[in-house]
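Coordinates in review
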Amino acid sequence: MVIETAPFGRTGHESTRVLFGAAALSRADQATADRAMALILEHGVNHIDVARGYGEAERLLGPWMETHRDRFFLATKTPSRDYAGALSDIRESLARLRTDQVDLIQLHSLNHPDEWDQALGPGGALEAAQEARALGLVRFIGVTGHNWTIAAQHYRALQRFDFDSVLLPWNWFMRGSPRYAADFEWVMALCRERGVAVQTIKSLARGAWPAGGQRTHSTWYQPLEDPADIRLAVRWILGRREGASGPFLNSTGDVTLLPVLLEAAAEGGPSPGDDQMRAMAERVGMASIFGI
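Summary of the structure given here. (Residues numbered from 1 in each chain as written. Predicted model: local features only at pLDDT ≥ 70, side-chain atom pairs only at ≥ 80, totals over all residues. Heavy atoms only, no water.)

**Comments concerning the sheet that holds strand E6 (residues 102–107)**
- One closed barrel holds the eight strands; their spatial order is E3-E4-E5-E6-E7-E8-E9-E12, and the pairing between them is parallel. On average, each strand axis in the sheet is tilted by 30° relative to the strand beside it, whichever way the strands run.
- Relative to strand E5 (residues 73–78), strand E4 (residues 47–49) is paired through three bridges, and the arrangement is parallel. Bridge pairing in E5 links Asp49 to Ala75. (Pairing = 2+ DSSP bridges. Helix = DSSP H or I, 4+ residues; strand = E, 2+ residues; numbered from the N terminus. Axes fitted to C-alpha atoms, helices over the stretch in contact; angles between N-to-C directions.)

**Quick look at the pattern of salt bridges**
- What the rule picks out here adds up to 22 salt bridges.
- Glu92 serves as the salt-bridge partner of Arg52, at 2.8 Å between the closest nitrogen and oxygen. Placement of the pair is Arg52 in the loop between E4 and helix H2 (57–68) and Glu92 in helix H3 (residues 83–97), with a sequence separation of 40 residues.
- Asp274 is paired through a salt bridge with Arg175; the nearest N and O atoms lie 3.4 Å apart. Taken together, the positions of Asp274 in helix H11 (residues 274–284) and Arg175 in helix H7 (residues 172–175) put the pair 99 residues apart, joining distant regions of the chain.
- Connected through salt bridges with shared partners, the residues Arg10, Asp162, Asp164 and Arg194 form a single ionic network. (Salt bridge = Lys/Arg side-chain N within 4 Å of Asp/Glu carboxyl O.)

**Examining the side chain of Glu58**
- By secondary structure assignment, the location of Glu58 is in helix H2.
- For Glu58, a relative accessible area of 0% puts it in the buried group.
- When sequence neighbours within four positions are dropped, the list of residues in contact with Glu58 reads Val50, Ala51, Arg52, Thr76, Ser93, Arg96 and Leu97. (Buried < 20%, exposed > 50% of the residue type's maximum accessible area, 1.4 Å probe, protein only. Contact = heavy atoms within 4.5 Å.)

**Examining the packing of aromatic side chains**
- For the structure on display, the rule yields 14 aromatic pairs.
- A centroid spacing of 6.5 Å and a plane angle of 80° characterise the contact between Trp148 and Phe290, whose relative ring orientation is edge-to-face. Of the two residues, Trp148 sits in the loop between strand E7 (138–144) and helix H6 (150–160) while Phe290 sits in the segment after H11, which places them 142 residues apart along the sequence.
- Residue classification places Trp148 among the buried positions, given a relative accessible area of 18%.
- Of the aromatic side chains, those joined through ring pairs into one cluster are Trp148, Trp170, Trp172, Phe173, Tyr180, Phe184, Trp220, Tyr221, Trp236 and Phe290. (Phe/Tyr/Trp six-rings, centres within 6.5 Å; stacked < 30°, edge-to-face > 60°.)

**Thoughts on the pairing of strand E8 (residues 165–169)**
- Among the five residues that make up E8, five are buried, leaving the element largely enclosed by the rest of the structure.
- Side chains of E8 alternate between two faces, with Ser165, Leu167 and Pro169 and Val166 and Leu168 buried alike.
- Inspection of the sheet shows E7 paired to E8 by three bridges, in the parallel sense. Across the sheet, Val143 pairs through a bridge with Val166, a residue of E8.
- Bridge count for E8 against strand E9 (residues 197–201) is five bridges, and the pairing is parallel. By the bridge assignment for E9, Pro169 is matched with Ile201.

**A few points about the pairing of E5**
- Burial of E5 is extensive: six of the six residues sit out of reach of the surface.
- Residue alternation in E5 divides its side chains into two sets, Phe73, Ala75 and Lys77 and Leu74, Thr76 and Thr78, and both sets are buried.
- Handedness of the crossover is the feature at issue here: the chain leaves E4, passes through H2, returns alongside E5, and the resulting connection is right-handed.
- Direction of pairing for E5 relative to E6: parallel, over a ladder of four bridges. Within E6, the position partnered with Ala75 by the bridge is Leu104.
- At this point the chain moves from E5, through H3, to the parallel E6, and the crossover so formed is right-handed. (Right-handed = clockwise from strand over helix to strand, strands pointing away.)

**Quick notes on H3**
- Here H3 contains 15 residues, and its C-alpha end-to-end distance of 21 Å stays within 8% of the 21 Å for a straight helix at 1.5 Å per residue.
- Of the residues making up H3, those classed as buried are Gly85, Ala86, Leu87, Asp89, Ile90, Ser93, Leu94, Arg96 and Leu97.
- Buried positions along H3 lie against H2, E5, E6, helix H5 (125–134) and E7.
- Put simply, Asp82 is the residue that caps the front of H3, since its side-chain oxygen is 3.4 Å from the backbone nitrogen of Ala84.
- Arg98 occupies a position one or two residues after H3 and carries a positive phi of about 60°. (Expected span 1.5 Å × (residues − 1). Polar contact = N/O pair within 3.5 Å; in protein donor to acceptor, adjacent residues only side chain to side chain.)

**Considering the nonpolar core**
- With 87 residues, the main nonpolar core has Phe20, Ile48 and Phe163 as its most contacted residues.
- In terms of nonpolar packing, the next biggest core, distinct from the first, is built from nine residues, Leu19, Phe73, Phe140 and Ala197 among them. (Core = buried A, V, L, I, M, F, W, Y, C linked by side-chain atoms within 4.5 Å.)

**A short note on the packing of helix H9 (residues 227–238) against helix H10 (residues 258–267)**
- At a closest axis distance of 9 Å, the pairing of H9 and H10 adopts a crossing angle of 50°. Between H9 and H10, the crossing angle belongs to the class labelled oblique. The crossing of H9 and H10 is right-handed. Judged by residue contacts, Pro227, Ile230, Arg231, Val234, Arg235 and Leu238 of H9 engage Val260, Leu261, Ala264, Ala265 and Glu267 from H10.
- Residues that form the contact of H9 with H10 fall into these classes: eight nonpolar, no polar and three charged. (Parallel < 35°, antiparallel > 145°, perpendicular 65-115°, else oblique. Left-handed = near helix turned anticlockwise from the far one by under 90°. Nonpolar A, V, L, I, M, F, W, Y, C, P; charged D, E, K, R; others polar.)

In structure tokens form, the structure reads like this:
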């Protein structure tokens, strides 16, 4: 079974609603990466999201991009905040990915206000992204972030520059925060109005790892593990449809959970109701992964 597609913002690309989050390859070897790529192709996934900072993930994807580049919308990220660093990152990512162009370059984890001012200001990473676009090294520009303030920060960023995509956390637990939920809806409305693609992360986040406990997965947070719970979490995200804005779901950062997530997305089905989600969250003890 293949996963449904939707326009990825105003890019002109029909992306699968689930994007392959290549953070799952951060500690992988080539054989593991090859199995993951074969699996996503089996489910029709046609959009890859990687980053300069994901270990050797870009290098592991390189052989696939060399032979299958036309099958994927390819996104990567720069963690640099200054012009020179970001332009160097972009060129190095192209070399590692074995391609002469990526579809989307994203300013990675732009959470702190000081870094935000630098990256979007004179001599910042945004200027490098724009130059790379002018040179044909990238086609589109996005921004990502990972904490309780990021939805509001993205709204502010969209006032500064007309980004093509945003990426931020969204799951059932975060929806329960009145402040974050309001900020998310605020930025979602603006993205819908402008045709900006919205990518969501942390769909399977259960909470922080228990202190002193054994970590059974490679994610820095404790993920949902039961296939029934994963299906609920995935269908809850994908059950919402906002046209070209998605929202899209970036797959989990643990490669062993990828098959269950992809199967849940391919199966489809109605979005679970609030009662179902509330019962699941209470049963597994869903909690914040970003502190209070």
